[in-house]
Amino acid sequence: MFRRLSDPEKKVRMTFEGQDITAQEGESVAAALLAAGITHLRQTPVSGHPRAPYCMMGACFDCLVNIDGVSNLQACVTPVREGMSVHSQVAEKDLLHEDG
Amino acid sequence: MRSQKNYDAIVVGGGLVGSAIAYGLSRQNLSVALLDEGDLAFRASRGNFGLVWVQSKGDGMPQYAQWTRRSADLWPEFAEELNGVLGLDIGYRKPGGLAFCMSDQEFEDKQTMLERMRQTVPGGYDFQMIGRNRLKEMLPEIGGKVVGASYCPHDGHVNPLYLLRALHKAIQGQVDYSPNTTINRIERHENIFTAETVEGPVRAPKLVLAAGLGNRELAPQVGLQVPVSPLRGQILITERLKHFLDMPTIYVRQVEEGGVMMGDSHEDVGFDTSTTVDISRSIAQRAISYFPKLADANLVRTWGALRVMTPDGHPIYDQSDSHPGAYVATCHSGVTLAAVHARDLATAIARDSLPDEVGKFTAERFNV
Amino acid sequence: MKTVDLAIVGAGPAGMVAASEARGHGLSVAVLDEQEAPGGQIYRAVEAVAAQAPERLALLGEDYAHGRRLAENFRVSGAEHIDRALVWQLEPNGLWYLRDEVCHELKANRILLASGAIERPVPIPGWTRPGVMTAGGVQILLKSSGVVPDGRVVLAGNGPLLYLLAAQLLAAGCRIGALVETVPYARYLEAVPHLPAALGSGYLSKGVRLLRHLRSSGTRIYRNARDLRVEGEQHAEALCFHAGGHEVRLDSDLIVLHEGVIPNQQLTRALGCVHRWDDGQKCFRPETDEWGNTSVEDVLTVGDGAGIGGALAAEHAGRLAALEVARSLGYLQTRERDRLSTSSRRQLNKLLQGRRFLEVLYAPPEERQSPPDETLVCRCEEVTAGQVRTAVRTGCTGPNQVKAFTRCGMGPCQGRMCGNTVSAIVAETQGITMEECGYYRIRPPIKPIPLAALAAAEVDCELDDVAQ
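Just so you know, these numbers come straight off a predicted model, no measurement behind them.

### Some points on the interface of chain A and chain C
Residue-level contacts link 33 residues of chain A with 46 residues of chain C. Roughly 3,300 Å² of surface becomes buried between chain A and chain C when both sides are summed, with 59% attributable to carbon and sulfur atoms. For chain A, the biggest contributors to the area lost against chain C are Met1, Arg3 and Tyr54 of chain A; these three give 24% of the whole. On inspection of chain A and its partner chain C, the count reaches two salt bridges. Between Asp150 of chain C and Arg3 of chain A there is a salt bridge, with its nearest N and O atoms 3.9 Å apart. At the boundary of chain A with chain C, the tally comes to 13 residue pairs in polar contact (both at pLDDT 80 or more). Of all the secondary structure elements, the ones that give two or more residues to the side of chain A that touches chain C are strand S1 (2-4), helix H1 (29-35) and strand S5 (50-51) of chain A. In terms of strand pairing, S1 of chain A meets strand S9 (residues 147-149) of chain C through three bridges, oriented antiparallel. Within the sheet, the bridge partner assigned to Arg4 of chain A lies in S9 of chain C and is Val147 of chain C.

Written as structure tokens, this is what we have:
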């Protein structure tokens, strides 16, 4: 669905569901995931339907992901960090399994 | 909008109190006009926490304890009926409720008070004191600073917004509902009340004022006094969370959809429904002290809502001597008392005879 | 605790210019913004792009590159830039923000809200599926990351941003499968009387250039499209619509929707500013005077958040608001303020007059105000247009009761995505105007914050060294 105009110059390594992803320093988690071909970020707690980044400016809250054990974070306003581990979310946040 | 202008009864106020009474009156086959304010009315019902709560209510006024218990007993059947009307679950559950104690002293004081109520409330009073160890078994997520809790098996909770919605749906076709209606004046002439609204007069031989804080201004027009004042409650709610708390507690409960509701503050601030950081912060602190895991939850909304408080905190039900046929109903427990309002109170108003147990709730008690 | 003269929320064109101007008159200024760098959405990442990716700066165009100068001036102005700050609670003389998981309080004699616009939601059946994005979202990917759509791309909707994005994507070497315009033919006639003013504003020549560029690229253009819907199960597979008497189905990997922008009302609503329905712009906007003063004392708002005027208009409005704040705090005489404001005032008026043409031509189509019953209106709580209509018919008096009865607007986006649509459906079903209908009451926090941060909130001021 997306491609990069050029390879990342300052590379940041992270994972999504254990899969290695190379991102560009300074970009958002959502941009890195889309550029890596990941389009389904979560399943909604209401109907379980898949969702992906929609507005990219922090307004729609459709790009919620679990980052390093903390869920319901907006991928489009969270900058990538070296070693970040991102997971998709299914249903609602489970407080008993949060590492935050 | 209204198909006719003459009714058996006019109910003023479309919140939980007015809607429950209108629903009850229509079940008694009265034709009813329900006059409601607009979308931004200071609607106490919208700020409700959703507890159907019995424990600790009515210390010093046994009639209130009995009245509350009566409503809690009516609730299961009442909820069933409304579920059927709405075609969806209004979320009423009766697992019993907990009130946490944060010190041994508080635990003892609570026990003393509940023992006193057990002796003074006719028909008895069910409660248990639960120590730290048993509490921890019941609620593994409970915080380390909680020393125990009081438990009452009659407590429960419900989605207060669905309750209001179900009542509104139940009266559809039975009750003439007029939203966005402000009453300019009430008059009584030849045993008929006339409520003057922008859309014209509405007439009925019976009038029930259930307008919450609005009763203060309306009641004197029918010879009644309702000394109510606004008390701000503040409520916080989190994002949807996986269920971890089935039992309602006095300050924290998890709603059916997963959000955790936290309340409430008591601030005497007049007609201001804004929220303040100070109060939200202390509510958050208290909730986290009960359930430390809540620290990881996101807060999505806070709101202030005005509660309708009488000088002693107990309801006011009254009928007018100078204007027979006029009633007032005012309370801050619109959810808990919804069942008894729809049943006993509405039946009594339909028959024009408030029963003895209701008679004690007259506002005259404040004039002693 | 330190108090600043002026706290500005938003570091887009309005906020940056206002900050620079206010500093020039000696005010202490703090600017809070969610992003890491100044620029807002319009000039997002402009400094980084200019420094690190000059070829991307070139393809984004001169209008984007213009933001560099604003950012430069802002950087040297001496205004405190509180980046990555989420403002979540406002009071007339103070605000609370979250930064690095910690809540801070900031007191200010005046607050200027410059939080800009959000894209007007385009609620069509299927718009929540992966594979559907907003034009602004796609443009942000291009600006911030140099990431562009690949595969079968369909752009649908109307408005300047959609054409600008198309041109930028073409310049970046992307192929656009089709552009589906949702402008009813009648709108062209309605817009003609506003043509002269538009000619003077420069908007028109830009638009004509963009369109010509699109046509010459071979992009298929469908006009007067209606009954839009997205098909597909797990992922959007096709955009379907009526155009030219035919039912069209365009297979697509990415569907990009856009029908203009509307003020981001969250902050002004949360503060209780009076809002009015602007029937020209088809949006609610806070009521302001000619300087940006709102109905709430000591609170001003300018830029697209106060009514859509575009980035250049936002600069001038930002300058005017800063002059007014300087006057109200005694840094400037009224005569000085008026003298210094004449040029910006004149240019602002000219820009706003030019927009009338765009507003009429690109007003959202009627069907967007009244989506089909099956359309999800609230993306968070997954409430459909049909459920909202049913709630209104069972006695909901307005959007706040609809919210209470259906959970529409109760999710994490706090009504940003559904507010306008719900008001439109309520107004239509009840036969009242948007103005009569009103809008959600916006509650703090303005964005979700961790409960732990709230519980640990301290009264505090994070300004190390505000230049006086």
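Alright, that's what it looks like, and here's the rest.
### Notes on the packing of helix H1 (residues 13-24) of chain C against helix H12 (residues 311-328) of chain C
All names here are of chain C. Here H1 crosses H12 at 35°, and the two axes come no closer than 7 Å. Remark: the crossing between H1 and H12 carries right-handed chirality. Of the residues in H12, those touching H1 at Pro13, Ala14, Val17, Ala18, Glu21 and Ala22 are Ala311, Ala314, Glu315, Gly318, Arg319, Ala322 and Leu323. Looking at side-chain class alone, the contact of H1 with H12 contains nine nonpolar, one polar and three charged residues.

### Brief notes about the confidence of the model for chain C
All names here are of chain C. Taken over all residues, the pLDDT of chain C has a mean of 93, while the share at 70 or more is 97%. In this model, residues 459-468 is a region of pLDDT below 50 whose contacts with residues beyond four sequence positions or in other chains number 34 contacts. Interface predicted TM-score (ipTM) for the complex: 0.97; the corresponding pTM is 0.92.

### Details of the nonpolar core
The nonpolar side chains of a soluble globular protein tend to be buried with one another. Counting 218 residues, the largest nonpolar core has Met14 of chain A, Leu25, Trp75, Phe78, Ile90 and Leu163 of chain B together with Phe241 of chain C as the members making the most contacts within it. Among the elements that make up this core, the one with the highest residue count is H12 of chain C (10 residues). The residues contacting Met14 of chain A, other than those within four sequence positions of it, are Gln19, Asp20, Ile21, Ala23, Val29, Ala32, Leu33, Val80, Arg81, Met84 and Val86 of chain A. By size, the runner-up hydrophobic cluster in this structure holds 41 residues, among which are Ile279, Phe291 and Ala297 of chain B together with Ala453 of chain C.

### Some thoughts on the sheet that holds strand S14 (residues 238-243) of chain C
All names here are of chain C. Pairing in this open sheet of three strands is antiparallel, and the strands run S13-S14-S15 from one edge to the other. The sheet is open, and its two edges are formed by strand S13 (226-231) and strand S15 (246-251), each paired on a single side. Strand-to-strand, the axes of this sheet are offset by a mean angle of 20°, without reference to chain direction. Taken together, the six bridges between S14 and S15 define a ladder with antiparallel strand orientation. By the bridge assignment for S15, Ala243 is matched with His246.

### A word on the interface of chain B and chain A
Often, the extent of an interface is quoted as the loss of accessible area on bringing the components together. Contacts between the two partners involve 11 residues from chain B, matched on the other side by 10 residues from chain A. Summed over both partners, the interface of chain B with chain A buries about 1,100 Å², with 57% contributed by carbon and sulfur atoms. For the pair chain B and chain A, the number of links is two salt bridges. Where Asp94 of chain A meets Lys242 of chain B, a salt bridge forms, and the shortest distance between an N and an O atom there is 3.9 Å. Applying the counting criterion to the chain B and chain A interface returns four residue pairs in polar contact (both at pLDDT 80 or more). For the side of chain B that touches chain A, a count of residues per class yields four nonpolar, one polar and six charged.

### Thoughts on the domain arrangement of chain B
Residue and element names in this part refer to chain B. Segmenting chain B into domains produces domain 1 (9-48 + 162-227 + 314-366), domain 2 (97-153) and domain 3 (229-309). Inter-centroid distance (C-alpha atoms) of domain 2 to domain 3 is 21 Å. Contacts between the two partners involve 12 residues from domain 2, matched on the other side by 11 residues from domain 3. Here domain 2 packs against domain 3, burying approximately 950 Å² in sum over the two surfaces, 77% of which is carbon and sulfur. The three residues of domain 2 that bury the most area against domain 3 are Leu98, Phe100 and Glu141, which together make up 48% of that side's buried surface. Summed over the shared surface of domain 2 and domain 3, the result is zero salt bridges. Summed over the shared surface of domain 2 and domain 3, the number is three residue pairs in polar contact (both at pLDDT 80 or more). Among the elements that take part in the side of domain 2 that touches domain 3, strand S4 (residues 97-101) stands out by supplying four residues, more than any other.

### Details of the environment of Arg56 of chain C
Structurally, the position occupied by Arg56 of chain C is in helix H3 (residues 54-60). Under the relative-accessibility criterion, Arg56 of chain C is labelled buried at 14%. As a C-alpha pair, Arg56 of chain C and Gln168 of chain C span 112 residues in sequence and 9.7 Å in three-dimensional space. When near neighbours in sequence (up to four residues on either side) are disregarded, Arg56 of chain C contacts Leu5 of chain A together with Val49, Leu142, Lys143, Ser144, Ser145 and Gly146 of chain C.

### Regarding the pairing of strand S6 (residues 64-67) of chain A
All names here are of chain A. Here S6 shows no split at all, with Leu64 and Asn66 on one side and Val65 and Ile67 on the other all buried. In sequence, S6 turns back onto strand S7 (residues 70-74) through a hairpin of two residues, with Asp68 there showing a positive phi of about 50°. Pairing geometry for S6 and strand S8 (residues 85-87), over two bridges, is antiparallel. Across the sheet, residue Ile67 finds its bridge partner in S8, namely Val86.

### Quick word on the pattern of salt bridges
Under the counting rule described, the total for this entry stands at 55 salt bridges over all chains. With a closest N to O distance of 3.2 Å, Asp68 of chain A and Arg81 of chain A form a salt bridge. One end of the pair, Asp68 of chain A, is in the loop between S6 and S7; the other, Arg81 of chain A, is in the loop between S7 and S8, with 13 residues separating them in the sequence. Exposure remark for Arg81 of chain A: the relative accessible area of 46% places this residue in the partly exposed category. Notably, a salt bridge pairs Arg116 of chain B with Asp59 of chain B, separated by 2.7 Å at the nearest N-O pair.

### Section: the packing of helix H6 (residues 135-145) of chain C against helix H7 (residues 160-171) of chain C
Residues and elements named next belong to chain C. Here H6 crosses H7 at 35°, and the two axes come no closer than 10 Å. Relative to H7, the crossing made by H6 is left-handed. Note on element contacts: H7 touches H6 through Leu161, Leu162, Leu164, Leu165, Gln168 and Leu169, opposite Ala135, Gly136, Val138, Gln139 and Leu142.

### Some words on unusual backbone geometry
Here the amide bond leading from Pro444 of chain C into Pro445 of chain C is cis, since omega sits at -5°, within 30 degrees of zero. Summarising the element assignment, Pro445 of chain C is placed in the loop between helix H18 (434-437) and strand S23 (449-450). In the Ramachandran plot, Asp352 of chain B falls in the positive-phi region, its phi being about 60° despite a non-glycine side chain. Relative to the helices and strands, Asp352 of chain B resides in the loop between helix H8 (338-351) and helix H9 (356-359). The class of Asp352 of chain B is partly exposed, set by a relative accessible area of 42%. In this structure, Gln414 of chain C is a non-glycine residue whose phi angle is positive, near 60°. Mapping Gln414 of chain C onto the fold places it in the loop between helix H16 (399-406) and helix H17 (419-430). Of the residues examined, Gln414 of chain C reaches a relative accessible area of 8% and is grouped as buried.

### Details of the sheet that holds strand S11 (residues 200-204) of chain B
Residues and elements named next belong to chain B. The strand order across the open sheet formed by three strands is S9-S10-S11, and the pairing between neighbours is antiparallel. Each having just a single partner strand, strand S9 (183-189) and S11 make up the two edges of the open sheet. On average, adjacent strands in this sheet sit at an angle of 20° to one another, irrespective of strand direction. The sheet contact formed by strand S10 (residues 192-197) and S11 spans five bridges and is antiparallel. The residue of S11 that forms the bridge with Thr197 is Gly200.

Cut-off values and rules
- Residues numbered from 1 in each chain as written.
- Chains lettered and ligands numbered in written order.
- Predicted model: local features only at pLDDT ≥ 70, side-chain atom pairs only at ≥ 80, totals over all residues.
- Heavy atoms only, no water.
- Contact = heavy atoms within 4.5 Å.
- Buried area = accessible area lost by both parts, 1.4 Å probe.
- Salt bridge = Lys/Arg side-chain N within 4 Å of Asp/Glu carboxyl O.
- Polar contact = N/O pair within 3.5 Å; in protein donor to acceptor, adjacent residues only side chain to side chain.
- Helix = DSSP H or I, 4+ residues; strand = E, 2+ residues; numbered from the N terminus.
- Pairing = 2+ DSSP bridges.
- Axes fitted to C-alpha atoms, helices over the stretch in contact; angles between N-to-C directions.
- Left-handed = near helix turned anticlockwise from the far one by under 90°.
- Nonpolar A, V, L, I, M, F, W, Y, C, P; charged D, E, K, R; others polar.
- pLDDT = per-residue confidence, 0-100.
- Core = buried A, V, L, I, M, F, W, Y, C linked by side-chain atoms within 4.5 Å.
- Buried < 20%, exposed > 50% of the residue type's maximum accessible area, 1.4 Å probe, protein only.
- Domains from an automatic or database assignment.

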